[in-house]
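Residues per chain, in single letters:
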Amino acid sequence: MAVQQPLLVEKFLNFLFFTWFLDIITPEFMGGKINIDQTLQLLNKFNISYDYVHVKKLFKKNDKLKSGLITIEDFRAIYRSFMHRPEFHELFCSYSPNKKFITSDKLAEFLRREQFELGAEGRAVALINTYEPVVEAKNKKEMTFEGFVRYLLSEDCNIFKTLHKKVYQDMSYPLCDYFISSSHNTYLISDQLVGPSHLWGYSSALTKGCRCLEIDCWDGQDNEPVVYHGHTLTSKITFKSVISVIHKHAFVASDYPIVLSLENHCSPPQQEVMAAYMIEILGDQLVSSTLNNEMPTELPSPEELKFKIMIKNKKVGTLEETLHRKSKVCRGEVEEAEGTSESEEEPESCLPKKAIVLKSQEKKKDKHQKVQVAMLLSELVIYTRSRKFVNFDDSKKKQKFYENNSIGEVKGQKLITKMAQSFVLHTCRFITRIYPKGTRTGSSNYDPQEFWNVGCQMVALNFQTPGLQMDLQNGKFMDNGGSGYLLKPEYMRKKNTQYNPFDVFGKYNTVTVTIKIISGHQLPPSNLSKSNKADPLVRVEIHGVPEDMAKHQTSVIKNNAFSPRWDETFTFTIHVPDLAMIRFIVEDRMCVVANDFLGQYTLPFTCLNRGYRCVPLVSKLGVSLGPASLFVFIWYHQQ
């Protein structure tokens, strides 16, 4: 009798599964067979995420009579293709002696040993209650393979740490202690010369958590300031409409403060119109004085400025003088301030001759003359006064804590090469904004990582242009709840720091990371394949300080976008894990020298979960390609 017990248990468990399965699918098969639409409905009943391309392919494979109909056994085969993945079953069986269910104790052991989770005992029971579909097994605190699969495909097994999906960092440090999500020429949604200016650029950036927006302001007709890329053929939108859209979408994605970076080319009368619009439309959200109207000694924190909007612009005089005046400025008052225009890096070679002349005149004005600023606008500049960058020594001696610099990418790269540690010391004290060189007329982007490596807070990118650079941007700022603010590591905030991105060996908690690429699931078919097939490969990249830059690539799996299996392991050494980004790229091997992009996922190393994890793939535009994913095993330890 004792010998027969395991066999009876196995038969009973098979019966439970089949009963549960039949209860769901039987009503659909009352007519004997089902078509593809009914197949999709059944998959939805099982809460199975699917790509129609793959369902269609599996349906055709099981429709052996080519009748457009399949039997109950055919559907079961399709179901198993989606859910009963071999790599999942192998893992399940390693913790299930009878290969039918896992007890809560065994599941707790799996969570401890493989997923590196604390409090595994209580967590195991909670997962059974959440993911086990067979009621009888759930009541016995057991998890069948069906429940195990649902757990592995859930958010609980996502590669991105759950804690980091909400604001968890200390938000009470001064603004200069944070990386701030920043956009360049936010109004443009295409190229920099003839493309359209559109309000969508602002709403889209804000929805993505961007906290620093750029507004290029020029004199318009009928005393209405306009926004466009000056001296080009880009279209124009009104400044008023820009401020209205910003007000509407400002705090949809994040509660934390916004900086409006004004590239201001307007005459004083239209500057006054700009100030009036911002005061009228933004109301109490607009920062028009310091906290408690008292002179501070350092920048306020993101927490103190929640739901506030700051103006970054040229300013007349000091902040102390502004507070002393206490809003006694009258309409029509104009003073002079130093020029801080970005025009030094504009693409003259790409502009019409007339525009080149205008640009040249503007450069001379910026270098040799002060510019006129309406006092009504100047008084709205509180914590973010624009100051022309001269050199690090000049800033150290003369720059005030509420002043910030904008530095072009070319100049910034030279400073990194020659004076990296001085650059870091500068960004410890002052907010520094980086912007693209003017020759990027197609709205291409520079590598933001090298500027994050030296602590630059506002690394402004062209959000409309997909690619590696925006993958890094989007991935980095998923951290801390997508708030648009990331607290810099302590060694990048200390005023006497010795940190240098070119000298990192053994100083910043070096880690060894092992990444096993196990399999892929429902990968997007190649756009270049007429048969909706792909020969996928996976590349894993590390982006960070120069010493940490690395990549490894799997072999190519021929003709399998649905369920490719690699089981290939890569090991990386990361010297500055606080700054490192991990990027997974899936491509279709087209030929020896070119591949077709299928999907990617990028995240900070600090957000990386250990254990068996799913990597959700996104498109070039950052849109989810669900259910396309990779299944990986992650392990890391400090050296």
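Worth saying up front: this structure is predicted, and the values here are computed from it rather than measured. (Residues numbered from 1 in each chain as written. Predicted model: local features only at pLDDT ≥ 70, side-chain atom pairs only at ≥ 80, totals over all residues. Heavy atoms only, no water.)

Draft legend 1. A look at the overall build of the protein. The secondary structure content of the protein amounts to 19 helices and 23 strands. In terms of its C-alpha atoms, the protein occupies a principal-axis envelope of roughly 100 × 55 × 50 Å. When each of the 639 residues of the protein is scored for burial, the buried share is 57%. Of all intrachain contacts in the protein linking residues separated by at least 6 positions in sequence, the fraction that spans at least 24 positions is 72%. With an accessible surface of roughly 27600 Å², the protein has 53% of that area assigned to carbon and sulfur atoms. (Helix = DSSP H or I, 4+ residues; strand = E, 2+ residues; numbered from the N terminus. Buried < 20%, exposed > 50% of the residue type's maximum accessible area, 1.4 Å probe, protein only. Contact = heavy atoms within 4.5 Å. Areas by Shrake-Rupley, 256 points an atom, 1.4 Å probe, with all protein chains shown as cover.)

Draft legend 2. Broad picture of the state of the cysteines. Inspection of the entire model under this criterion finds 0 disulfides. C614 supplies the cysteine sulfur nearest to C157, a cysteine that is in no disulfide, at a spacing of 6.5 Å. (Disulfide = S-S within 2.5 Å.)

Draft legend 3. The arrangement of the packing of helix α2 (residues 36–45) against helix α3 (residues 52–62) in detail. Between α2 and α3, the least distance of the axes is 11 Å, while the angle of their chain directions is 120°. Our classification of the angle between α2 and α3 gives oblique. The two elements α2 and α3 cross, and the hand of that crossing is right-handed. Within the contact between the two elements, α2 uses I36, T39, L40 and L43 and α3 uses Y52, V55, K56 and F59. Classifying every residue of the contact of α2 with α3 by side-chain character gives 6 nonpolar, 1 polar and 1 charged. (Axes fitted to C-alpha atoms, helices over the stretch in contact; angles between N-to-C directions. Parallel < 35°, antiparallel > 145°, perpendicular 65-115°, else oblique. Left-handed = near helix turned anticlockwise from the far one by under 90°. Nonpolar A, V, L, I, M, F, W, Y, C, P; charged D, E, K, R; others polar.)

Draft legend 4. Representation of the nonpolar core in the model. Membership of the largest hydrophobic core comes to 66 residues, with the highest contact counts inside it found for I215, F239, L260 and M278. In terms of residue count, helix α12 (residues 268–282) provides more of this core than any other element does, 7 residues in total. When near neighbours in sequence (up to four residues on either side) are disregarded, I215 contacts Y202, V227, F239, V242, I243, I246, L260, S261, L262 and E263. Among the nonpolar cores identified, the runner-up in size contains 50 residues, and F29, I34, L43 and Y79 belong to it. (Core = buried A, V, L, I, M, F, W, Y, C linked by side-chain atoms within 4.5 Å.)

Draft legend 5. Molecular detail of α2. For α2, every residue scored as buried is listed here: I36, T39, L40, L42 and L43. Viewed end-on, α2 has its buried residues packed into an arc of 160°, placing them on one side of the element. A distance of 3.1 Å separates the backbone nitrogen of D37 from a side-chain oxygen at the start of α2, and that oxygen is part of N35. Phi for N47, located one or two positions after α2, is positive at around 55°. (Arc of directions from axis to C-beta. Polar contact = N/O pair within 3.5 Å; in protein donor to acceptor, adjacent residues only side chain to side chain.)

Draft legend 6. The arrangement of the packing of aromatic side chains in detail. In the structure shown here, the tally under the stated rule is 31 aromatic pairs. On the numbers, 5.4 Å between centres and 40° between planes, the contact of Y491 with Y499 is tilted. Across the pair, Y499 and Y491 agree in class, each one buried. Among the aromatic side chains, those forming a connected cluster through ring pairs are F92, Y95, F110, Y131, F145, F148 and Y151. Residue placement shows R493 over the ring face of Y173; its charged tip is 4.5 Å from the ring centre. (Phe/Tyr/Trp six-rings, centres within 6.5 Å; stacked < 30°, edge-to-face > 60°. Lys NZ or Arg CZ within 6 Å of the ring centre and 35° of its normal.)

Draft legend 7. Expanded view of the side chain of T234. Take T234: it is sitting in the loop between β5 (226–227) and β6 (237–238). Relative accessible area serves as the criterion here: at 4%, T234 is assigned to the buried category. A distance of 2.9 Å separates the side chain of T234 from the side chain of T232, its partner in a polar contact. Once you skip the residues sitting within four places of it in the chain, T234 turns out to touch L188, D191, Q192, L193, V194, G195, S197, Y228 and H229.

Draft legend 8. Up close: the pairing of strand β7 (residues 258–264). When you tally the buried positions in β7, you get 7 out of 7 residues, the bulk of the element. Here strand β4 (residues 212–218) runs beside β7; their pairing, made up of 6 bridges, is parallel. Bridged to C212 within β7 is V259. The sheet contact formed by β7 and strand β8 (residues 309–312) spans 4 bridges and is parallel. Residue V259 lies in a different strand from β8, and its bridge partner there is M310. Following the chain from β7 across α12 to the adjacent parallel β8, one finds a crossover that is right-handed. (Pairing = 2+ DSSP bridges. Right-handed = clockwise from strand over helix to strand, strands pointing away.)

Draft legend 9. Just the sheet that holds β6, in detail. In spatial order, the strands read β6-β5-β4-β7-β8; together these 5 strands make up an open sheet with mixed pairing. Each of the sheet's edge strands pairs with one partner strand only, and the pair in question is β6 and β8. With 2 bridges joining them, β4 and β5 adopt antiparallel strand pairing. The residue bridging W218 from the neighbouring strand is V226, located in β5. Together, β4, β5 and β7 form the strand contacts of helix α10 (residues 200–207), whose direction differs from that of β4 by roughly 165°.

Draft legend 10. Quick peek at unusual backbone geometry. Looking along the chain, the bond that leaves G626 and enters P627 is cis, with omega of 10°. By the element assignment, P627 lies in strand β23 (residues 624–638). With a phi close to 60°, N223 is a non-glycine residue in the positive phi region. Along the chain, N223 falls in the loop between β4 and β5. Positive phi is not limited to glycine here, since N559 has a value of about 55°. Following the sequence through the fold, N559 ends up in the loop between β18 (550–553) and β19 (565–574).

Draft legend 11. Just the pattern of salt bridges, in detail. Counted under the stated rule, the structure contains 27 salt bridges. The residue R565 makes a salt bridge to E90 at a minimum N-O spacing of 2.9 Å. Separated by 475 residues along the polypeptide, R565 in strand β19 and E90 in helix α5 (residues 86–93) bring together distant segments of the chain. With a relative accessible area of 45%, E90 lands in the partly exposed category. (Salt bridge = Lys/Arg side-chain N within 4 Å of Asp/Glu carboxyl O.)

Draft legend 12. Spotlight on the environment of G475. Position of G475 relative to the elements: it lies in helix α19 (residues 468–476). Each C-alpha atom of the pair G475 and G622 lies 9.5 Å from the other, and the pair is 147 residues apart in sequence. Contact partners of G475, with chain neighbours within four places excluded, come to M581, T602, L603 and P604.

Draft legend 13. Region of the structure containing α12. The first and last C-alpha atoms of α12 sit 21 Å apart over 15 residues, in line with the 21 Å expected at 1.5 Å per residue. Burial of α12 is extensive: 11 of the 15 residues sit out of reach of the surface. Those residues of α12 that fall on the buried side of the exposure criterion are P268, Q270, Q271, E272, V273, M274, A275, Y277, M278, I281 and L282. Looking at the residues trailing α12, positive phi occurs at G283, about 55°. (Expected span 1.5 Å × (residues − 1).)

None of the figures reported here should be taken as evidence of function without further support.
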